[in-house]
Each structure stands twice: as C-alpha cells, then as structure tokens.
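Residue-level listing of the chains:
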Amino acid sequence: MSLSNISADLIWEITRSHNSYLVKRKSGGGVQFSRDPLNLTNKHSRKYAGFVNDKAVGVVPGEKGGVVVITKKAGSINKPAARYTVAFGANKTARKTYKAIARQVAGYRSDLLKAAVARASAIRRSQRAVKPEPAQKLRGNAAKKAAASA
C-alpha cells in the first residue's frame, strides 16, 4: 500500500493490531502470525509485512510445481493482478532456482534474500514425492519361524 501522502510507518501503526492478515493465538504466549502472501516468514512484523511496504517479495507454489516469485510494482497499488511475477518451473534444478531467486531478490530487497530462498526451499521440499517405507525385516525368532514355514 503506497499512498503518496501517507508514510508506511503510519499505515503500520494504524493497522498492526487489526488487519485481515493477522492471526492471533492465545496459546504459545500470544504469538501473532500473518497470512499475507507477500510475507516470507509469516511473522507479524513491520519488516515482513507486504501490505505496508512499498517493496515486498512473496514466494508461492506454482500451479504445475516449482515456485513463483511475486514482487510489488510501484504503480500497481490498486491493481493486484498487475504485480510482477516470475515462475521457476519444477524441471529446473533446485540449486539454479535458489540462485535465480537470490539474484532477483538481491537487486530488489536484499534484506529478504535469506527468507526468500528459505521459503522457496520449503516449497520445493513439500512438492517432492514421498518415498514409500520399506517393509520391516523380521529379526530373531520371528525370522526363523517365517523361514521354516516358507
């Protein structure tokens, strides 16, 4: 949210205790999270709040695997669909994906570089197929009984 006559700090002070992205939990010491798609760590803080900052970065899963990096454009305040997006497909190696994300974020907001790569890594890890667990091998007397009966 970037209005020419209102500072981002003022917007944060007004909306930090109540906004649509805020998730409050009484358990765990009253921890607060954020559902903002442009928040890389899902922590409710000024640094990571995408709706407040003029420059914000988001990493979300792609439709056909891979990850999509979303950055805010300065001129698209009222047009969320006009955000700048870059997709990294599932067929690209993880190392190349992380390097490309790091390069893109470093030129835009270098303080979010580690968080963006960590988020992309977690998304890529969740997209991997789960290996089936092998059947447990019989040991001791149970193995002897099974060998004798077979």
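Worth saying up front: this structure is predicted, and the values here are computed from it rather than measured.

(A) Up close: the sheet that holds strand 4 (residues 67-71). Read across the open sheet, the three strands follow the order 3-4-5; overall the sheet is antiparallel. At either margin of the open sheet sits one strand with a lone partner, and together these are strand 3 (57-61) and strand 5 (84-88). Each neighbouring strand pair of the sheet contributes to a mean axis angle of 20°, computed without reference to strand direction. Bridge analysis of strand 3 against strand 4 gives five bridges, and the strand direction is antiparallel. What sits directly across from glycine 58, in strand 4, is isoleucine 70.

(B) Inspection of the nonpolar core at higher detail. Residues Leu40, Val59, Val67, Phe88 and Ile101 are the most contacted members of the largest nonpolar core, which totals 16 residues. Of all the secondary structure elements, the ones that give two or more residues to this core are strand 3, strand 4, strand 5, helix 3 (94-108) and helix 4 (113-127). When residues in this core are grouped by element, the largest group, four residues, is from helix 4. Setting aside anything within four residues of it in sequence, one finds leucine 40 in contact with Val57, Gly58, Val59, Leu112, Ala115, Ala116 and Arg119. Core analysis: the next-biggest nonpolar cluster, separate from the first, contains six residues, Ala8, Ile11, Ala49 and Phe51 among them.

(C) Layout of the pattern of salt bridges. Tallied over the full model, the rule gives three salt bridges. In this structure, the salt-bridge partner of aspartate 9 is arginine 46, at a minimum N-O distance of 3.0 Å. Residue aspartate 9 is found in helix 1 (residues 8-15), and its partner arginine 46 is found in the loop between strand 2 (32-34) and strand 3; the two are separated by 37 residues along the sequence. For aspartate 9, a relative accessible area of 48% puts it in the partly exposed group. A relative accessible area of 25% places arginine 46 in the partly exposed class. With a shortest N-O distance of 3.9 Å, glutamate 13 and arginine 16 are connected by a salt bridge. Arginine 16 gets classed as partly exposed once you look at its relative accessible area, which sits at 40%.

Reading the values: rules and limits
Residues numbered from 1 in each chain as written. Predicted model: local features only at pLDDT ≥ 70, side-chain atom pairs only at ≥ 80, totals over all residues. Heavy atoms only, no water. Pairing = 2+ DSSP bridges. Helix = DSSP H or I, 4+ residues; strand = E, 2+ residues; numbered from the N terminus. Axes fitted to C-alpha atoms, helices over the stretch in contact; angles between N-to-C directions. Core = buried A, V, L, I, M, F, W, Y, C linked by side-chain atoms within 4.5 Å. Buried < 20%, exposed > 50% of the residue type's maximum accessible area, 1.4 Å probe, protein only. Contact = heavy atoms within 4.5 Å. Salt bridge = Lys/Arg side-chain N within 4 Å of Asp/Glu carboxyl O.

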